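Structural overview
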Amino acid sequence: MRSWLRELDLLLRGQKTAVRELAEGRIELPLRMFFPIAILMGAIYGVFMGFFAVFNATPGGYKQLLASTLKLPAMFLLTLIVTFPSLYVFNALLGSRLSFLSTLRLLVGAIVVNLAVAASLGPILGFFTLSTTSYSFMILLNILLLSIGGIVGLGFLLRTLRRLSILHASQQIQAPAADDTDSTKAESTTILSPEQQFSPPEHTLGQARSIFRVWIIIYALVGAQMGWLLRPFIGSPNLPFAWFRAREGNFFESAFLHLRALFSQ
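Residues numbered from 1 in each chain as written. Predicted model: local features only at pLDDT ≥ 70, side-chain atom pairs only at ≥ 80, totals over all residues. Heavy atoms only, no water.

**Considerations on the overall build of the protein chain**
Within the protein chain, the regular secondary structure consists of 11 helices and zero strands. Walking the protein chain from its N terminus toward its C terminus, one meets helices and strands in the order α-α-α-α-α-α-α-α-α-α-α. Sorting the 265 residues of the protein chain into buried and exposed places 43% on the buried side. Summarising the internal contacts of the protein chain: among those between residues at least 6 apart in sequence, 78% fall at separations of at least 24. Roughly 14,000 Å² of accessible area belongs to the protein chain as shown, and the carbon and sulfur atoms make up 65% of that amount. (Helix = DSSP H or I, 4+ residues; strand = E, 2+ residues; numbered from the N terminus. Buried < 20%, exposed > 50% of the residue type's maximum accessible area, 1.4 Å probe, protein only. Contact = heavy atoms within 4.5 Å. Areas by Shrake-Rupley, 256 points an atom, 1.4 Å probe, with all protein chains shown as cover.)

**Examining helix H4 (residues 61-93)**
The periodicity of an α-helix, 3.6 residues per turn, causes residues three or four places apart in sequence to face the same way. Its 33 residues place the ends of H4 48 Å apart at the C-alpha level, agreeing with the 48 Å of an ideal helix rising 1.5 Å per residue. The largest bend in H4 is about 45°, located at Thr83, with the proline Pro85 one to four residues further on. (Expected span 1.5 Å × (residues − 1). Bend = angle between axes of the 7 residues up to and from the residue.)

**As for the environment of Leu229**
Examined against the element boundaries, Leu229 turns out to sit in helix H10 (residues 202-229). You can call Leu229 partly exposed: its relative accessible area is 37%. Residues Leu229 and Glu248, spaced 19 residues apart in sequence, show a C-alpha to C-alpha distance of 8.9 Å. Excluding residues within four positions of it along the chain, Leu229 makes contact with Phe244 and Arg247.

**Overview of empty space enclosed by the protein**
Tallying each qualifying case throughout the model produces one cavity of 30 Å³ or more. Of the voids in this model, the largest cavity is the one considered here, and its volume is about 40 Å³. If you trace the largest cavity, you find it lined by Leu107, Ala110, Ile111, Asn114, Gly150, Gly153, Leu154 and Tyr219. Those elements that provide at least two residues to the lining of the largest cavity are helix H5 (100-120) and helix H7 (135-174). It is H5 that contributes the most residues to the lining of the largest cavity, four residues altogether. (1 Å grid on protein atoms, 1.4 Å probe; cavity = no way out; pocket = protein on both sides within 12 Å on 5 of 7 lines; lining within 4 Å. Points joined across faces, edges and corners; volume = space filled by probe spheres on them.)

**A few points about the packing of aromatic side chains**
Counted according to the given criterion, the structure contains 10 aromatic pairs. Ring geometry for Phe127 versus Phe128: centroids 5.3 Å apart, planes at 75°, classification edge-to-face. A relative accessible area of 53% means that Phe127 is categorised as exposed. Here Phe128 falls in the partly exposed class, since its relative accessible area comes to 28%. Arranged with centres 5.6 Å apart and planes meeting at 55°, the rings of Phe128 and Phe137 form a pair that is tilted. Judged by its relative accessible area of 25%, Phe137 falls in the partly exposed class. (Phe/Tyr/Trp six-rings, centres within 6.5 Å; stacked < 30°, edge-to-face > 60°.)

Right, dumping it as C-alpha cells:
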C-alpha cells in the first residue's frame, strides 16, 4: 500500500510524465499497480456516494452503499475499454511514437488522476450528505464533483500529449543537423532540455489540439452515458433498491430534470 501511495504521489506531481521520461517514447506507469490504484480511488468516492442512501434510510441503503462502491470504479474502467481504441488511433494519426501499451498506460494514468481528485473531494460530498435531504441536489453535486475530476484528468492527458508532440517535433528538427560539429551538438544536448531546444509555434500543435478536443467529446459522452446505464449510484428515496434501472432516457435528460426539480423546490 505504501508503494502505491508513493507511485500515486509521483504521478500527481508530474514526475511520471516528465520530459526526460517521455524521450524514449515510453510511459512508466505499471498497469499491475495503477489499475488497483484506480479501483481503490474509485471505491473511496463510491463509498461517499452511497452514503446518502444509508444516512437518509433509503430502502436497501447498505446494498446501495455496496453497489456504489463497486460500480463507480467499474464505470471508469468500462469507459476506458470503450474509448481507448479511438485515443490510440487518433494519437497514431498525429505521428506519436507511443506504443499500444504505452498509450493504454497513459490513459490509465489520466483515469487515476481523475479518480484521485474525485476521492479527495469525497469528504466534501460526505459533508453535504449530512447537510441536505435533497436527492436532486446530491445528483447534481456528484455530477459537478466528478466533472471537476474529469477536467483535471483530461488536463493531465493533454499536457502529456503536448510534451510528446514537442519531443516528436524536436527530433524531426534536430535530425537534419546530424552533420553539425561535435561542440555544437554537445552544447545543444547537454545544456538544453528537449522543451528548451525546440518550442514549436502554436499552429504546429493546432492539429493535435483539434483531434484531442474531438476525443474529449467522445470520452465525455461515453462516460456520461455509461454512468446512466450503471445507475443508480445514490439511490432514490422514492424507489426500492435495484442494482440497475431500466434502459430508458439518457444522462442529459435526467440532469436537466433534476436541475429543474432543484429550482422548483
